[in-house]
Amino acid sequence: MTLNKFFFIAVIALLAGCADQSSTLSVSSPDEQVSFVLQVNQQGGVHYSVSKSGEQIINQSQLGFRFANAESFANGLSVRLIEERTVDETWEQPWGERQFVRNHYSEQLVELSDGIRTLDLRIRVFDDGIGFRYEFDEQFHDSELLISDELTQFNIADRNSQVHWLKALQKDRYEYEYTRSDLDAVSVSHTPLTLKTTSDRYITIHEAALIDYSSMVLRGSANGGLNAELVAAYDGIKVRRTGAFNTPWRTLQLGDSATQLLSSNMVLNLNEPNKLGDVSWIKPGIYMGIWWGMHIGENSWATGPKLGATTSEAKRYIDFISEHGLDGFLVEGWNHGWDGDWIANANAFDFTHANPFFDLLEIARYAEAKNVELILHNETSGGVGNYERQMEQAYDLYQELGVHYLKTGYVGFFNGYPRELSDKMMSDGRVVYEWNHGQFMVNHYQKSIVEAAKREIAINMHEPIKPTGLRRTYPNFMTREGVRGQEYNAWSDGNQPAHTTILPFTRMMAGPVDFTPGVFDLLFKGEEDPSRIRTTIAKQLALMVVLYSPLQMAADLPRNYDEKLELFQFIKDVPADWQKSLPLDGDVGEFVVYARQQRDSDNWFVGGITNEQARSFELNFDFLDEGDYLATLYRDGADADWQSNPYSTVIESLEVNNQSTLGIDMAPGGGFAISVIKR
Ligand code: NOJ
Ligand code: CA
């Protein structure tokens, strides 16, 4: 740096630092309750703070960047308002939790300058929260820009808030139970992370529109702060970009109550509109599959006596699905590469050739004839190079077969090595490993979505990148795992009863989840075996409503549904696409009740779940339209308990209208499900 340039920056900093009036900008939500304030301090550091209804939510928090190949952009800055506007529009989802979404915000575009370079900050303030992002233009950097740190902070005003968080940078990605703790105990967390303040306000920190950038995790700091940390690539660089680009939105969703938090559409609103045009080929639905049998050890992915994916077994499933009017059939283990240690042998996977016992062409034909959507599966074991080499050819084949749905998977890690997933061959032959939530993998997942969309294929991604609302822009990015799902009940120490009462407020603030509920045979290995599902059956039914997914799996084996056809009726009735979704009540880790109206229908479905505590819920049917409805209630029996008596269930029919109320008892680890059908 020349002396002149240094002097210039110092002068600007001084001006920015003392000119208090001109260096403070603020913008409020349309209802004027949420405010975002931007200030420049003595050193010319730019900080923001947030309040809601006069209560401070975020204290002064830093903005800015450090680069590996350029000067930091953090101090010596001045700010200038460039543009402001208000937007109020309503857009339609092709599928989703609700058909219409209102997008209403006040926006400011602010230029930050160090006297030489400028960087724009776009701020949108909604009634339900705040999003801001950095916008780089070409003049900022000559060549490739290497971000070594994004300095965004979230200094939580109420240090005594309780936090639900998921430790980041771990071997099994997002597949852990959430921790509930004081703010000070947060080490490094994935987002969404949700706080409940001592004044019972709810705050969810996340990001929207994560494209060609590393995902943000939150690192706890000594003073109750949470600092953005971008996930590093193998060489320590966090993000590499050329040309103009925008970062993802940094988001704070704010609710005065738990249900207000759950009603937020802000993450979707911060994404770009649908880029795919006509997506009428994407149809939400309920699917079953050759899947759970593998997880409980009855079947195998590998060829041999237990092979699940055979032509005859596939036909048996398709017949069952068709007979009961469900929508889709998933088959795993249909292709080459599963024999031996499939996690280690990622490069053995072949995505265009079926195992010798599975006639792919015939099954595609058979499914179509039976009006069942075939969902093929591609497990990559993190062998991203192997997958990308075959991707276009494989997707071409699936398109030719008339397949519109693909489940992908990225199990895998390199033993003992701190980076996981995705073998990436360097020009010198070295293989390096990347986190599944760094920029390299973000781009891989996006490539899969874009290539699939070209061929009218929708994706259900397992071991994915977390959702950030991209389903608005790419509606074929239908659903994904990215959670400790039902599979953990099959072969690990399982999920605690509270787990699914935490998910709506955390993981699902980001988007739909392929959790795979609906298992009836809760003690599938017998009463003595520790492997079991820690819920009642009524709760398994309720999860079909509470845990929204446009492709919703009914995960159990056909024989277990055959045995309980009266309960299976709910799975046959419940849809996976909604006109409206109303969170009725709940609290993080305690309980959740949702009422959802079926898309293009007068019918409603209600699901309620509780943690390990029994509780009563007073359901008010005032969400119904005028008229009479037949409600079928599937509830826990009086003696039900996830631990001692999980199968005790009562089914009742009752006439209801929008004046009706109903008291419902949920057992420990229990819940209830109701179909409410218009007369
Ligand atoms: C993990 C996925 O979550 C699961 O659904 C799948 O069956 C296995 N990987 C095998 O691909
Ligand atoms: Ca998984």
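Everything numeric here is computed off the predicted structure, so don't read it as measured data.

(A) Broad picture of the packing of aromatic side chains. One pass over the structure, following the stated rule, counts 36 aromatic pairs. Plain terms: the ring middles of F570 and Y634 are 5.3 Å apart, the flat faces sit at 65 degrees to each other, and that makes the pair edge-to-face. With F570 in helix α13 (residues 565–573) and Y634 in strand β37 (residues 629–636), this residue pair connects regions lying 64 residues apart in the sequence. Ring pairs connect the aromatic residues W301, W334, W338, W342, F349, F351, Y387, Y395, Y398, Y410 and Y445, which therefore count as one cluster. Its end group placed over the ring of F477, R480 keeps NZ or CZ at 3.8 Å from the ring centre. The ring of Y594 has R596 sitting right over it, with the charged end atom 4.0 Å from the ring centre.

(B) Molecular detail of the site of ligand 1. The local shell around ligand 1 holds 14 residues, among which E332, E379, K407, H462 and E481 are the closest. W291 has a polar side-chain atom sitting 2.9 Å from an oxygen atom of ligand 1. Protein contacts shield 97% of the accessible area of ligand 1, which totals 300 Å² for the unbound molecule. Here the shell around ligand 1 is composed, by residue class, of five nonpolar, three polar and six charged.

(C) A look at the sheet that holds strand β19 (residues 239–241). Here three strands make up an open sheet; going across it, the order is β5-β10-β19 and the pairing antiparallel. Each edge of the open sheet carries a strand with a single partner, namely β5 (65–67) and β19. The mean angle between the axes of side-by-side strands here comes to 40 degrees, regardless of whether they run parallel or antiparallel. Summarising the sheet, strand β10 (residues 145–150) and β19 pair through three bridges and their orientation is antiparallel. Each bridged residue has a counterpart across the sheet, and for L146 the counterpart in β19 is R240.

(D) Quick look at the coordination of the calcium ion (ligand 2). At the metal site, the calcium ion (ligand 2) is ligated by E175 (OE), E463 (OE), E481 (OE), E481 (OE) and E487 (OE), and these contacts range over 2.3 to 2.6 Å. Given six donor atoms and angles of 52 to 160 degrees at the metal, the environment of the calcium ion (ligand 2) is assigned as irregular. Within one chain, the residues serving as donors to the calcium ion (ligand 2) are arranged as E-x287-E-x17-E-x5-E. Of this pair, E175 sits in the loop between β12 (162–165) and β13 (179–182) while E463 sits in the loop between β30 (458–461) and β31 (477–480), placing them 288 residues apart in sequence. As far as the burial class goes, E175 and E463 line up, both buried.

(E) Focus on unusual backbone geometry. Backbone torsion omega between T191 and P192 reads -5 degrees, so that peptide bond is classified as cis. Along the chain, P192 falls in the loop between β14 (188–189) and β15 (193–196). Even without being a glycine, S381 presents a positive backbone phi close to 50 degrees. Assignment of secondary structure puts S381 in the loop between β26 (373–379) and α7 (384–400). For S381, a relative accessible area of 5% puts it in the buried group. Residues other than glycine seldom take positive phi values, yet E456 does so here, at roughly 55 degrees. Following the sequence through the fold, E456 ends up in the loop between α8 (439–454) and β30.

(F) Structural detail: helix α6 (residues 360–369). Every buried residue belonging to α6 is among L360, E362, I363, A364, Y366 and A367, and all of these are buried. On its buried side, α6 packs onto α5 (311–323), β23 (328–331), β25 (350–354), β26 and α7. One or two steps after α6, the chain reaches N371, where phi turns positive at roughly 60 degrees.

(G) Up close: the pairing of β15. Here three bridges tie β12 to β15, and the two strands are oriented antiparallel to one another. The partner of V163 across the bridge, within β15, is L195. Taken together, the four bridges between β15 and strand β16 (residues 202–208) define a ladder with antiparallel strand orientation. Its bridge partner lying in β16, L193 is registered against I205. Here β15 hands over to β16 after five residues, with D200 in that stretch at a positive phi of 65 degrees.

(H) Spotlight on the domain arrangement of the protein. Taken domain by domain, the protein consists of domain 1 (2–269), domain 2 (282–482) and domain 3 (498–551 + 558–679). For domain 2 and domain 3, the distance between their C-alpha centroids amounts to 29 Å. Taken together, the contact between domain 2 and domain 3 spans 27 residues of the former and 28 residues of the latter. Counting the surface lost from both domain 2 and domain 3, the interface buries some 2300 Å², and carbon and sulfur atoms represent 66% of this. Summed over the shared surface of domain 2 and domain 3, the number is one salt bridge. The partner of R559 in a salt bridge is E298, with the nearest N and O atoms 2.6 Å apart.

(I) Spotlight on the pattern of salt bridges. One pass over the full model with this rule turns up 39 salt bridges. Here D88 and R102 are joined by a salt bridge, their closest N and O atoms 2.7 Å apart. Here R102 lies in strand β7 (residues 100–113) and D88 lies in strand β6 (residues 78–92), a separation of 14 residues in the sequence. R102 gets classed as partly exposed once you look at its relative accessible area, which sits at 48%. In this structure, the salt-bridge partner of R471 is E97, at a minimum N-O distance of 3.1 Å. A residue pair is termed long-range when its members are at least 10 positions apart, and R471 in the loop between β30 and β31 and E97 in the loop between β6 and β7 qualify at 374 residues. Exposure remark for R471: the relative accessible area of 8% places this residue in the buried category. With relative accessibility at 14%, the residue E97 sits in the buried group. Salt bridges linked by common partners bring R85, E107, R122, R124, R133 and E135 together as one network.

What counts as what
- Residues numbered from 1 in each chain as written.
- Chains lettered and ligands numbered in written order.
- Predicted model: local features only at pLDDT ≥ 70, side-chain atom pairs only at ≥ 80, totals over all residues.
- Heavy atoms only, no water.
- Phe/Tyr/Trp six-rings, centres within 6.5 Å; stacked < 30°, edge-to-face > 60°.
- Helix = DSSP H or I, 4+ residues; strand = E, 2+ residues; numbered from the N terminus.
- Lys NZ or Arg CZ within 6 Å of the ring centre and 35° of its normal.
- Near = heavy atom within 4 Å.
- Polar contact = N/O pair within 3.5 Å; in protein donor to acceptor, adjacent residues only side chain to side chain.
- Areas by Shrake-Rupley, 256 points an atom, 1.4 Å probe, with all protein chains shown as cover.
- Nonpolar A, V, L, I, M, F, W, Y, C, P; charged D, E, K, R; others polar.
- Pairing = 2+ DSSP bridges.
- Axes fitted to C-alpha atoms, helices over the stretch in contact; angles between N-to-C directions.
- Donors = N, O, S within 2.8 Å, 3.2 Å for Na, K, Ca; no water.
- Tetrahedral: all angles 85-135°; square planar, octahedral: opposite > 155°, others 65-115°.
- Buried < 20%, exposed > 50% of the residue type's maximum accessible area, 1.4 Å probe, protein only.
- Contact = heavy atoms within 4.5 Å.
- Domains from an automatic or database assignment.
- Buried area = accessible area lost by both parts, 1.4 Å probe.
- Salt bridge = Lys/Arg side-chain N within 4 Å of Asp/Glu carboxyl O.

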